Amino acid sequence: MSALQSVSRKDHAPGAYDVVVVGAGFAGMYMLHRLRGLGLTVRVYEQGGDVGGTWYWNRYPGARCDVESMQYSYSFSDELQQQWNWSERYAPQPEILRYANHVADRFNLRRDIQLNTRVDRAAFDESANSWSVTMSDGKTVIAKYVVLATGCLSNARMPDIKGLSDFKGRVYHTGHWPHERIDFTGLRVAVIGTGSSGIQSVPVIAEQASHLTVFQRTANFSIPARNAPLTEEERQAFRAKYPEIRRFAREVARNGIYTEMPDRGALDDGDNERRAKYEQRWARGGLTFMSVYNNLGLDKAANDTAANFVREKIAEIVRDPQTAKLLQPNNHPIGSKRICIDTDYFATFNRPNVTLVDIRSNPIEEILPNAVRAGGKDYEIDALVLATGFDAMTGSVAKIDIRGRHGQTLNQKWAEGPKTYLGLMSAGFPNLFIITGPGSPSVLSNMIVSIEQHVDWISDCLAFMRDRGFEAMEAEREAEEKWVAHVNEVAHTTLYPQANSWYMGANIPDKPQIFMPYIGGVGVYRQICNGVAAKGYEGFVMIAAEQAQRVATS
Ligand code: FAD
Ligand code: NAP
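Residues numbered from 1 in each chain as written. Chains lettered and ligands numbered in written order. Predicted model: local features only at pLDDT ≥ 70, side-chain atom pairs only at ≥ 80, totals over all residues. Heavy atoms only, no water.

(A) Main features of the site of ligand 2. With respect to spatial proximity, 25 residues lie near ligand 2, and among them Arg 64, Ser 197, Arg 217, Thr 218 and Lys 337 are the closest. The contact in question runs from an oxygen atom of ligand 2 to an N or O atom on the side chain of Gln 200, over 3.0 Å. Burial of ligand 2 by the protein amounts to 88% of the accessible area it has alone, namely 910 Å². Among the elements that take part in the shell around ligand 2, helix α6 (residues 196–208) stands out by supplying 3 residues, more than any other. (Near = heavy atom within 4 Å. Polar contact = N/O pair within 3.5 Å; in protein donor to acceptor, adjacent residues only side chain to side chain. Areas by Shrake-Rupley, 256 points an atom, 1.4 Å probe, with all protein chains shown as cover. Helix = DSSP H or I, 4+ residues; strand = E, 2+ residues; numbered from the N terminus.)

Rendered as structure tokens:
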């Protein structure tokens, strides 16, 4: 009997599990559900006070999804997707959090989730082929496998700005927003940061604040969401087509979103036809603006046509020409940073109570007790909102002291950039899986599609190991090196590396600048992962129980 089977018994030793899962967002919850289905003993540790991950932490005004809710939702349970009623095209954060809680209750997940508990350390014991996992409460448990469901955008980044701690008013980070309702009525507010979080929150804060000052370092491309309530008819139409929509999102789409596949490039159309297509997508709203042509991410001249269109739209919306000019992105191709989806973002700068400050030419010098000083000028404020983003993809993993073979830490191994095979495992760290890790499509996709694919693959893999009496599994170094090179090579056939984006780690000082996600598309990636599994997990080493015993005693 393998060790996995032995710890799977109902009378497993206290503090010993088949699998420890770190994180109870959409990834951790579905992982728990699938592992339970295999009859494994599982413990999930979540540092937050409840499930939901991203949607537990990001409670800022205006927070909502940018992939339509009928698609940004689990597909593993047809009953769930047929019964859940999304209220809007893009559900607001409280509703997505309610959905996460509904899933936790519906599938009875809570009994195996320990909240308010951070995983601080995980060390691989080579003699037992198991992990010793230590939590913030000082307790240690043993697990055959560890799954990191720690999230790609879960490590909110406080900017290193002089004087920040001296500010006398309240400071909020969008990624770590308080639970109580924050009312900015009558206050002078500053928002620093104009990525998706800033762009979503600015219009809502502007409606409350007596004055809002937006500090912009980089102007971003943003497309109108055209959010609206969903009618019962629309929901039903979607539900009826779910089998096809989900299949397409998983197998065909590059980004896990059901939409038309373009069959031509932007320069294949004349000016009028191209403009008409962009107008149509602008009117429709949403992320699929970027899939009007098949070469916007590949060809700079093609990309320029879309970028110019959006810049013209900004100039049409924003009345003050100087402000409009500042809001027009000019230092990266459209889409090479995560494109933003907004509701009235640009129009907000027409309000008399909103000021835009360009901190690229006049950087913030310091935060004073009652003001932000930039370009020699003091902007007096009562409250400060930091929409400054995350240490993305690797940040939450790096916070855990993970020690693999020979005591090597994952941070040592990833010092020059993350190295994984398929984004799922890293050589030298047996039985440690990552969901939507660097080297997988993850953040370039509808994340729930990517999460479900990884969870299913890992579950199938553990079932395979159990059925064949394997004790441990590890990525081969050669396979990993080839995959890292492939991820890099594919990225450099696109325009993405031309932007200083968080995809590249460029938002974190001293972080190695490497394009982290796999850009080949979720459909292609799924085929690769399935092919690897079909070939008996090609590129991975599987170790049988007896072999492990010999290795341990030799
Ligand atoms: P998370 O939801 O980040 O959950 C990870 C959990 O792990 C967190 O709760 C964290 O507290 C916990 N954790 C981390 N480290 C530890 C530790 N050491 N110990 C214990 N617990 C730990 N994606 C889309 O596809 N569409 C969208 O519309 C979309 N909108 C987004 C909006 C915002 C504001 C943000 C920030 C991200 C958005 N994303 C979106 C990406 C989003 O992160 C994913 O869609 C998805 O929610 C990720 O789920 P997850 O479970 O992988 O990670
Ligand atoms: P982000 O995209 O990294 O944006 C951070 C912003 O803060 C950028 O404008 C950045 O400027 C600025 N900034 C960072 N440090 C700064 C400093 N020290 N001084 C001044 N400005 C500083 O972060 P985000 O907006 O939180 O979004 C992260 C990702 O989460 C998104 O790309 C998306 O994937 C997801 N998200 C999605 C939604 C949604 O619509 N559903 C909403 C929020 C987030 P530079 O660009 O110059 O670095």
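(B) Structural context of helix α16 (residues 477–491). Its 15 residues give α16 an end-to-end C-alpha distance of 21 Å, which sits within 8% of 21 Å, the value for a rise of 1.5 Å per residue. Those residues of α16 that sit buried are Ala 479, Glu 480, Trp 483, Val 487, Val 490 and Ala 491. Down the axis of α16, the smallest arc covering the buried residues is 100°, so these residues share one side. Summarising the geometry of α16, the exposed residues directed more than 90 degrees from the buried face are Glu 478, Glu 481, Lys 482 and Glu 489. Where α16 is buried, its residues meet α14 (410–413), β19 (470–475) and α17 (522–534). (Expected span 1.5 Å × (residues − 1). Buried < 20%, exposed > 50% of the residue type's maximum accessible area, 1.4 Å probe, protein only. Arc of directions from axis to C-beta. Contact = heavy atoms within 4.5 Å.)

(C) Layout of the environment of Pro 92. Among the secondary structure elements, Pro 92 is positioned in the loop between α4 (78–83) and α5 (93–106). Looking at Pro 92, the relative accessible area reads 18%, which means it is buried. When the C-alpha atoms of Pro 92 and Arg 64 are compared, they prove to be 4.1 Å apart, with 28 residues separating the residues in sequence. Setting aside residues no more than four positions away along its own chain, Pro 92 makes contact with Ala 63 and Arg 64.

(D) Expanded view of the site of ligand 1. As a structural note, the neighbourhood of ligand 1 is formed by 32 residues, with Glu 46, Thr 54, Asp 66, Tyr 72 and Met 447 the closest of them. At a separation of 2.7 Å, an oxygen atom of ligand 1 approaches a polar side-chain atom of Thr 54. For ligand 1, an oxygen atom lies 3.3 Å from a polar atom in the backbone of Val 67. Only α2 (26–37), α3 (54–57) and α15 (447–468) provide two or more residues apiece to the shell around ligand 1. If you tally residues by element for the shell around ligand 1, the top one is α3, at 3 residues. Looking at the shell around ligand 1 residue by residue, the class counts come to 17 nonpolar, 12 polar and 3 charged. (Nonpolar A, V, L, I, M, F, W, Y, C, P; charged D, E, K, R; others polar.)

(E) The arrangement of the sheet that holds strand β9 (residues 211–216) in detail. Here 5 strands make up an open sheet; going across it, the order is β7-β16-β8-β9-β12 and the pairing parallel. The sheet terminates laterally at β7 (170–173) and β12 (354–358), the two strands that pair on one side only. Sheet twist, expressed as the mean angle between neighbouring strand axes with direction ignored, is 20°. Of the pairings in the sheet, the one linking strand β8 (residues 188–192) to β9 comprises 5 bridges and is parallel in character. (Pairing = 2+ DSSP bridges. Axes fitted to C-alpha atoms, helices over the stretch in contact; angles between N-to-C directions.)

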